[in-house]
Structures are given as structure tokens and as C-alpha cells.
Amino acid sequence: MHWMEVTEESSVLTSFYNAEDESNLLLPKLPALPKNYSTTAKIFRLNALVLGGSSGFIEVYAYGMYKIATVTGVAGSCLGLCFSSDLKSLSVITEVQVSPDSAPEITYFQLDTSLLSVYLPEVTRMARKFTHISTLLQYIKLSLTCMCEAWEEILMQMDSRLTKFVQEKNTTTSVQDEFMQLLLWGKASLELQALLMNQLTVKGLKKLGQSIESSYSSIQKLVISHLQSGSEALLYHLSELKGMASWKQKYESLGLDAAGIEGAITAVGSFILKANELLQVIDSSMKNFKAFFRWLYVAMLRMSEDHVLPELNKMTQKDITFVADFLTEHFNEAPDLYNRKGKYFNVERVGQYLKDEDDDLVSPPNTEGNQWFNFLQNSTHLKESPLLFPYYPQKSLHFVKRRMEGIIDQCLQKPADVIGKSVHQAVCMCLYKGSKSEDSTPRLFKLPFMWNDKSSNLHYVLFTMLESSLSKIYILRRHTDVSRSANNGLLSVDFGNFLNNSINESSDTGFYSCVDAHFYDDETITVVLKENAEQEGKERILAQLPLSSVYVDEDQEREFSLNSNKRLDEQSDDIPTRTVFLESQWRVLENMKAQYVAVNGIRKVSCVLSSNLRHVRVFEMDVEDDGEAEEEEEEEETTPIVGDEHEELTLSAVNHNSMCGGSAEADETEEHESSLDS
């Protein structure tokens, strides 16, 4: 995984970055959701997340959110990658398994991604649009989630009680007729009275009415304020993207397809139509339930011989007709519905729109008598018109949303495929054989390591090849512009004896080999070294290796000529070698068998990990010299942390000691030694 920020400057990009996003000026601000979510207020300079996996899988995500490139055809499983900040090339290290019986080969690839560099302003605009669209899709998804949470299971209580009533009653009278008799004559059968007074109860009816009103009001507000505003903003950005796609000179090479985007716009329109349909169903259901519950509440009070307030007792002929129509439409027994859903009734009509399933709506809207709908059905030309959004009366809101997401994803996937196919291999270099067995001596934990020098547009690769138990460090330097051959170089680095005396004060002064390495910044590599003839009592060293001591003018005269038919480890004798003698930028790591190092040049910190993964030391690297170096030593203060008997953590506070006698290049400010026996 690699995250990079584009540093290439141009007048077009500068004005684009500094300009206010037009959508912030033209679109209303989206209402906040009752969840931990915030819309993208401002998107800064283009940055990209590059992911590499097995089987040559590489993907590039603009702003870490939306995929703008899918690269295929790279052999092996990705071990490391580095994208240049000018978008001209992508360096990849992979592990290629040539055959099941042989050890894998570690291979370096440099891929030409110049299409992204040439169309950088267009890529930036397109990426920003993609990110807006991706953000709005997430906003709509979370809005719908909030709507589903506002809908409560208690709203299904009426359906379940009526279904149980049908199963237990002994009469042949339908449920609809039972309620009609109560409405017209004011009398209910003994079975209906038992249902209303013993199971539903006056208190339960009142609670059910309040729940429906509260739930429907919340859903209605979310549809109006969140779902509709988010859909309209999505429609705006897709329409702008369609306009960009119509500018073929700029965007056709990047794979933007106006026809596909038009399909996405149509899908959003269908979703908006379905949201409006849900609003109509909510409005109708709230009126119906309010009238029905008011009438039923008075009827149940009379059954219990309770006092009925005069304002509740008033019921006009219009009210009676309204309740009668509600009973006729909602209280019909449906045996086929029982086979599908395990119930005979679907009095509650809103919940079906929020179900995330492919089944058709149990009670779709009644379009009979709708003059506009009939006009469209009878018009041959308008029925297939691209100017009208398709309508799906049988489907739920969730279904239409998933369809919209699929069409938009498919539409925005094309640029990633087109850009990915434009990427081609510029350099392939087989470095060395990997370890076949996991039980064998492991190679360096961090290596191969890759680094992008933004200032000089150079890619660096650090790696080692074990040679007769000695381990040199190799530095491969490639220009990000694959068409340029200058400033490309491969060197091996030997570390000469830079200690006056060996650690155990013997006269043996051998060379040092690299255990681990990491780029500290554009000019320095942090390394962990050990003596080649390491013996008991020999200590390891943390050092800073300046690139200026490795790459000098005369190295340009002896460029390494690679034989592509051989692995690099088979040509190691021909690789130019630079022996360096570090002067003061090093420190002995006492009482620690250091194996791995991780650094952060921005924070000026290095972290060293022991070979058994139980001890870690943190160093502050670039401490300014305040004057005379203090040589006072303080006693170690050890603080035991009480815990499990198999786990013990010791924190040692030590004074500021320089990496060598008179240097303050790296100070150890904290030493954390963790002994984990569990």
C-alpha cells in the first residue's frame, strides 16, 4: 500500500485548486445525518492510494475513495510499490513463483503511467467528481439506513393480530365484514370484541397510533430533507460529468462515456420518482390511520362503557365514508400473501418500501384513474422516450437504490479500465531468488523498500542479496520518466570499518553488513549494521547513510549494464560497489540484537526492533546541539507494570546520549524494552 500526493505544478492546476468548488455555490448544504458522518467540504490537491495484491492486482484510488485505474498483467504477488508524485511511472516489486518446486524470484517492474501525467488537470477534475459522487452515494445509503431505523416492528402489530384473528375465529364472516358491521351498526361480534379488548386493548391502540405517527413523521422528514437533497446533488454532479464526457478532446482518452453517464442520470431519476412515491404513501397512510384509529378508539371506549368526550363522538358522513374506503382497501384477506409473508393482511404500507429484498411490493400503488400514467401507457413515442425517467411501481425503494448504485458503479468503472489498459511495462529486472521455505533464514523484514524523491523525480529501491553470509545493500535508482536513461544507476554499498576499536576491544576490524534499511528522507538512509564476523558480545549499530557518499560524479562513468537474461544476483560481481566510511552519524545499540528499523523523517524519529520481536527502542534523530555535550549519566529508573504473570513491560528512562562521542546526530530519548513471554 502506498499513498502519494501529486506535486506537479501547472497554471491550470493552481487555479483549479484555489477556485471555489461550484457545487458549494449552486447546491444547498446537505443536512447533517444523526450518525458520525460529514460530507466532503473541500477536496485539496490530488492524492492517490495505490494498492497491490496477489496475481498482479494493482488499483489506484483518487483521494483514497474512488478507483481511477485498474492495472493487470504484472507477474507475481506485490511486495511493495511506489507511485511517482508526477504520475509518470509506478515502480513495483513482486514475488514471482516460476514453478511449485523452485524458490520464488523477486522482480522489479517499472510501469509507464504517462497517460495520467499528460492528462493531469483532466484526471484531477474527474477524480474530484468521482469523489463527490462516491460521497453522495454513501450519504444516500446512510439516509436510507436512518429511515429503516425510524420504522419500528410495532407497526406490524395490526397485521399480526388480524392474521391471528382469522386463524382462531369460528365464523365464516370476513374480517372486513366484521369491521364494517361495527362501523355501520355500532355492534361487534363477540370474537371481534375479544380481539379488540383483550389483545389490542385501548391502551395498546393508543400506543400503536402514537408509534405510527411518530415513525411516519420521522421517515417523511428524512425523505424530504436528506434523501431528496442528496439525490438532487447526485444528479447535478452526474450531469456535470456528462458535460465533461462530451468534451472528447479532453476526456475521451480517459474513458469517460457520455452514454453510460446518461444511463446513470436516468437511474437517479428513477430513484427520485420512487422517493416521491414513498412520500405519497406516507401522507396517505398517516391520514388513513389517523381517521381509522380515532373511530376505533371511540368504538372500544363504548364497548368498555367508558366516557367518550364530545369532541371525539362527532363523526360526519364524510368521516364514515373515509373509514369505509380504508377498510375496503386494507382489510381484504389475501391467502397468496400468507404463502409469501405468513400473514393475510398488509395494513401497514410504508415498511415494504424499506425492505432490502428483490421481491415485488406486497401492496403496490394503485395507478388506476391516474390520467398521466394512462396517457404515457397509451403513447407509443413517450413510453420509450429518453426524456422520461423509468418508473418501477412494483419495486421497493431499496431495490431501486441498489439498481442505481450498480449502474453508477458500472459507469464510473470504465475510466479505471481504460486508464489501467494504458499502463505498460517499461522495465523488468529479476533481482534475486527468494526463500523457498518459511523455516529458512528470513530475509529482511522491510526490504525490498521503495522511495520516491519528489524533488528530483527519482525512484529508489533498497534490497539485499545474501552472498556467503555477507549482506550488501543494493540501491537501484530510476528516473520516474521512463523515456529518460540519465540518472539511472545500480550500486552496491559496502560498509568499511569506521570504529576505532571493535566493540569488544579486540584488534579485529572487519566490514559491516546491512541488517535492515529504510529511507529517512530524500538525502539519507537509516541502516542497522552488524559485523560480518559477528561473535558473542558484538553489538549492532544504528547509522545514517547520506546518499551523497554513495552517488558521486565518477559513478556516472561506470553505469551497470544489465543482462536481462540473467537474474541480478547472478551478475553481482559486475555491479559497481561503493565502500563508505561513516564518520559520526552512528550509534552502538548496546544489549540488543537489533534486526528491524522503521523511521519517520518528518517527525525525526527512528524505531529499532529486536530480532525476537520483544524489544523496541525509539530514537530522536536530529537533535540540535545546545553546546557542550553533557556526559552525566543517570541511574535507570525502572517502573514495573502490574499485569498477567506471563507479561512484563519495563520502561527505562535514560539521559540524552549521542550516537558517537561528540555528535548529537541521534539521541535516544526513550527506550522501551518489552519482554512478552505469553
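Just so you know, these numbers come straight off a predicted model, no measurement behind them.

A separate point is the packing of aromatic side chains. Going through the model one piece at a time under the given rule, you end up with 15 aromatic pairs. Pairing Phe-463 with Tyr-474 gives two aromatic rings, centres 5.5 Å apart and planes at 10 degrees, and the pair type is stacked. Of the two residues, Phe-463 is situated in strand 10 (residues 458–467) and Tyr-474 in strand 11 (residues 470–479); the sequence distance between them amounts to 11 residues. Chaining the aromatic ring pairs together yields one cluster made of Phe-179, Tyr-216, Phe-289, Phe-292, Phe-293, Trp-295 and Phe-326. Above the ring of Phe-399, the side-chain terminus of Lys-395 is found at 4.6 Å from the ring centroid.

Time to look at a nonpolar patch on the surface. On the surface, Leu-273, Phe-389 and Tyr-391 cluster together into a nonpolar patch covering about 230 Å² of accessible area. With respect to the helices, strands and loops of the structure, Leu-273 is situated in helix 10 (residues 258–303). Taking relative accessible area as the criterion, Leu-273 reaches 32% and is therefore assigned partly exposed.

Take the nonpolar core next. Here is a general trend for soluble globular proteins: nonpolar side chains tend to be buried in one another's company. Residues Met-147, Phe-179, Leu-234, Phe-292, Leu-296 and Ile-408 are the most contacted members of the largest nonpolar core, which totals 112 residues. If one sorts the elements of this core by residue count, helix 10 sits on top with 21 residues. Residues Tyr-460, Leu-491, Phe-519 and Ala-543 belong to the second largest nonpolar core, which totals 25 residues.

Let's shift gears to the environment of Leu-120. Tracing the sequence through the fold places Leu-120 in helix 4 (residues 120–150). Overall, the relative accessible area of 3% leaves Leu-120 in the buried class.

Take unusual backbone geometry next. Positive phi, normally seen in glycine, also occurs at Leu-87, with a value near 65 degrees. When you line up the elements, Leu-87 lands in the loop between strand 5 (77–83) and strand 6 (89–96).

Further remarks concern the packing of helix 4 against helix 16 (residues 397–422). Describing two packed helices takes the angle between their axes plus the distance from one axis to the other. Where helix 4 meets helix 16, the axes come as close as 12 Å, and the angle between the chain directions of the two elements is 160 degrees. Between helix 4 and helix 16, the interaxial angle falls into the category roughly antiparallel. At the point where helix 4 passes helix 16, the crossing takes the left-handed sense. Within the contact between the two elements, helix 4 uses Met-126, Phe-130, Ile-133, Leu-137, Ile-140, Lys-141, Leu-144, Met-147 and Cys-148 and helix 16 uses Leu-397, His-398, Lys-401, Met-404, Glu-405, Ile-408, Asp-409, Leu-412, Pro-415 and Ile-419. Taken together, the residues of the contact of helix 4 with helix 16 break down into 14 nonpolar, one polar and four charged.

The rolling of a water-molecule-sized probe over the atoms marks out the regions of remaining empty space. In this model, the second largest pocket occupies a volume close to 740 Å³. Leu-273, Phe-373, Leu-376, Phe-389 and Tyr-391 are, among the 25 residues lining the second largest pocket, the residues nearest its centre. For the lining of the second largest pocket, the secondary-structure elements that each account for two or more residues are helix 10, helix 14 (371–378) and helix 15 (380–383). Of the residues forming the lining of the second largest pocket, the biggest block, six residues, is contributed by helix 10. Taken together, the residues of the lining of the second largest pocket sort by class into 12 nonpolar, eight polar and five charged.

Once that is clear, we can look at the pattern of salt bridges. Counted by the stated rule, this structure contains 11 salt bridges. We note a salt bridge from Lys-67 to Glu-59, for which the minimum N-O separation is 3.1 Å. Put simply, Glu-277 and Lys-274 hold a salt bridge, and the shortest N to O gap is 3.2 Å. Taken as a pair, Glu-277 and Lys-274 lie in helix 10 at a separation of three residues, close to a single helical turn. Through salt bridges with shared partners, one network takes in Asp-356, Asp-358 and Arg-402.

Reading across the sheet, the four strands line up as 5-6-7-8 and stay open at both edges, with antiparallel pairing between neighbours. For this open sheet the edge positions go to strand 5 and strand 8 (424–433), each flanked by a neighbour on one side alone. Strand-to-strand, the axes of this sheet are offset by a mean angle of 20 degrees, without reference to chain direction. Both strand 6 and strand 7 (residues 105–112) contribute to a ladder of eight bridges, which runs antiparallel. Residue Ser-89 lies in a different strand from strand 7, and its bridge partner there is Asp-112.

Basis of the calculations
Residues numbered from 1 in each chain as written. Predicted model: local features only at pLDDT ≥ 70, side-chain atom pairs only at ≥ 80, totals over all residues. Heavy atoms only, no water. Phe/Tyr/Trp six-rings, centres within 6.5 Å; stacked < 30°, edge-to-face > 60°. Helix = DSSP H or I, 4+ residues; strand = E, 2+ residues; numbered from the N terminus. Lys NZ or Arg CZ within 6 Å of the ring centre and 35° of its normal. Patch = residues over 30% accessible without salt bridge, like charges linked within 9 Å, V, L, I, M, F, W, Y side chains within 5 Å. Areas by Shrake-Rupley, 256 points an atom, 1.4 Å probe, with all protein chains shown as cover. Salt bridge = Lys/Arg side-chain N within 4 Å of Asp/Glu carboxyl O. Buried < 20%, exposed > 50% of the residue type's maximum accessible area, 1.4 Å probe, protein only. Core = buried A, V, L, I, M, F, W, Y, C linked by side-chain atoms within 4.5 Å. Axes fitted to C-alpha atoms, helices over the stretch in contact; angles between N-to-C directions. Parallel < 35°, antiparallel > 145°, perpendicular 65-115°, else oblique. Left-handed = near helix turned anticlockwise from the far one by under 90°. Contact = heavy atoms within 4.5 Å. Nonpolar A, V, L, I, M, F, W, Y, C, P; charged D, E, K, R; others polar. 1 Å grid on protein atoms, 1.4 Å probe; cavity = no way out; pocket = protein on both sides within 12 Å on 5 of 7 lines; lining within 4 Å. Points joined across faces, edges and corners; volume = space filled by probe spheres on them. Pairing = 2+ DSSP bridges.

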